[in-house]
Amino acid sequence: GFLQENDIFWEEVKGVMVVRGPGSFTSTRCIVVIANTIAFVQHVPLWAVENFARESLERIVKKIFPLEREGIIPPFTTPVYDREPHITTPSAHLR
């Protein structure tokens with residue numbers, strides 16, 4: 001995985017940053033669940049940002065650190081979708 005490929009150990013992870021949207025339903029929901037889980041299990045801060053302007057990672061990171069200094073770090077985050085989820089109705093045999 002990413003940590004192993006970059007010689008990083010879990011103990012060295014000091015926080016998790018996630019772009020919580022906007023994005024498609026499945027990908028946004030999955031990445032937010034993964035980020036929330038890592039932050040919870042590792043007991044590290046979670047920085048969540050929205051990226052409507054599709055800014056670079058460098059610009060996003062610059063926005064996060066002032067929030068950290070002010071102590072604005074929520075314990076978890078929720079996804080932001082780019083459109084309403086399209087959830088189909090169950091098949092007749094599942095009802």
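Residues numbered from 1 in each chain as written. Predicted model: local features only at pLDDT ≥ 70, side-chain atom pairs only at ≥ 80, totals over all residues. Heavy atoms only, no water.

> Explain the overall build of the chain to me, using residue names and the numbers behind them.
A tally of helices and strands in the chain yields three helices and two strands. Helices and strands appear in the chain in the N-to-C order α-β-α-β-α. Among the 95 residues that make up the chain, the fraction classed as buried is 24%. Considering only residue pairs separated by 6 or more positions, the chain has 75% of its internal contacts joining residues 24 or more positions apart. Entry remark: accessible area of the chain is about 7,400 Å², with carbon and sulfur atoms responsible for 60%. (Helix = DSSP H or I, 4+ residues; strand = E, 2+ residues; numbered from the N terminus. Buried < 20%, exposed > 50% of the residue type's maximum accessible area, 1.4 Å probe, protein only. Contact = heavy atoms within 4.5 Å. Areas by Shrake-Rupley, 256 points an atom, 1.4 Å probe, with all protein chains shown as cover.)

> Quick one: what's the story with the side chain of Asn51, residue by residue and with numbers?
With respect to the helices, strands and loops of the structure, Asn51 is situated in the loop between β2 (46–50) and α3 (57–69). A polar contact of 3.1 Å, which involves the side chain of Asn51, links it to the backbone nitrogen of Arg54. (Polar contact = N/O pair within 3.5 Å; in protein donor to acceptor, adjacent residues only side chain to side chain.)

> Got a sec to walk through unusual backbone geometry? Specific residues and values, please.
For the bond from Gly21 to Pro22, the omega torsion is 5 degrees, close enough to zero to count as cis. With respect to the helices and strands, Pro22 occurs in the loop between β1 (16–21) and α2 (25–42). With phi around 50 degrees, Asp7 is a residue other than glycine that occupies positive phi space. With respect to the element layout, Asp7 can be found in the loop between α1 (2–5) and β1. Not every positive phi belongs to a glycine, and Arg54 is a case in point at roughly 55 degrees. Mapped onto the elements of the fold, Arg54 is located in the loop between β2 and α3. Residue class for Arg54 comes out exposed when judged on its relative accessible area of 56%.

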